[in-house]
Amino acid sequence: MLSKIISGGQTGADRAALDAGLETGFPIGGACPAGRMAEDGPIGDVYPLVEISGGYRQRTRKNVEESDGTAVFYKSYLKGGTELTVLLCIRLGKPHKLIDIELVSPKVAATLLVDFITASGINVLNVAGPRQSGCPEIYGYVKQAMGLVIKRSKEHP
């Protein structure tokens, strides 16, 4: 069952998943770009991320590689770094679950993710999705969905 959540620390989906972990005492981590770069400035030290050389693409690849599978949140269609994440999952043969935030509630998303985690034997889950500036509603949605996933993981370790 789920033992850790990782992401790249960008605003939006990444940060929401990390914050859900921080608030519940659930293990979090991941790789971030050199300089702890994010759209709102350097990523705070409260997030235990490992800086790697390179930028966003290298960070995205490292988190896909280091996880057992990836939860990909998006709105309507894949684009930018979110699309790259899916392409890397496919290229590297890593399981992934797509969640369109316009089609399902955070509660349904959590159920879908728990089923995905169980069926795919995922211990380390990478969480990806758009940054805050590209999808303002992503943070609240992902934080709520991942909070429910963490709660269920703690109930059924």
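Refer to the structure presented above.
The shown structure was predicted, so the numbers you read here are calculated from the model rather than taken from an experiment.

Rules used throughout
- Residues numbered from 1 in each chain as written.
- Predicted model: local features only at pLDDT ≥ 70, side-chain atom pairs only at ≥ 80, totals over all residues.
- Heavy atoms only, no water.
- Axes fitted to C-alpha atoms, helices over the stretch in contact; angles between N-to-C directions.
- Helix = DSSP H or I, 4+ residues; strand = E, 2+ residues; numbered from the N terminus.
- Parallel < 35°, antiparallel > 145°, perpendicular 65-115°, else oblique.
- Left-handed = near helix turned anticlockwise from the far one by under 90°.
- Contact = heavy atoms within 4.5 Å.
- Nonpolar A, V, L, I, M, F, W, Y, C, P; charged D, E, K, R; others polar.
- Disulfide = S-S within 2.5 Å.
- Buried < 20%, exposed > 50% of the residue type's maximum accessible area, 1.4 Å probe, protein only.
- Expected span 1.5 Å × (residues − 1).

Considerations on the packing of helix 2 (residues 56–66) against helix 3 (residues 80–92)
In the contact formed by helix 2 and helix 3, the axes pass within 10 Å of each other and the chain directions differ by 45°. Between helix 2 and helix 3, the interaxial angle falls into the category oblique. Once helix 2 is placed against helix 3, the crossing between them reads as right-handed. In this structure, helix 2 contributes Arg 57, Thr 60, Arg 61, Val 64 and Glu 65 to the contact, and helix 3 contributes Leu 84, Thr 85, Leu 88, Cys 89, Arg 91 and Leu 92. When the residues that make up the contact of helix 2 with helix 3 are grouped by side-chain class, the tally is 5 nonpolar, 2 polar and 4 charged.

Considering the state of the cysteines
As used in these notes, a disulfide is a covalent bond between sulfur atoms, one from each of two cysteines. Under the definition given, this model contains 0 disulfides. Lacking any disulfide linkage, Cys 32 is separated from the closest cysteine sulfur, that of Cys 89, by 19 Å. Judged by its relative accessible area of 1%, Cys 89 is buried.

Details of helix 1 (residues 13–24)
A rise of 1.5 Å per residue sets the reference length of helix 1, with its 12 residues, at 16 Å; its end C-alpha atoms lie 17 Å apart and thus fit the reference within 8%. In terms of residue burial, helix 1 counts as a mostly covered element, since 9 of its 12 residues are buried. Here helix 1 has its buried residues at Ala 13, Asp 14, Arg 15, Ala 16, Ala 17, Leu 18, Asp 19, Ala 20 and Gly 21. Those residues of helix 1 that are buried are in contact with strand 1 (4–6), strand 2 (28–29), helix 2, strand 7 (124–128) and helix 5 (138–155). Trailing helix 1 by a residue or two, Gly 25 shows a phi angle of about 70°, which is positive.

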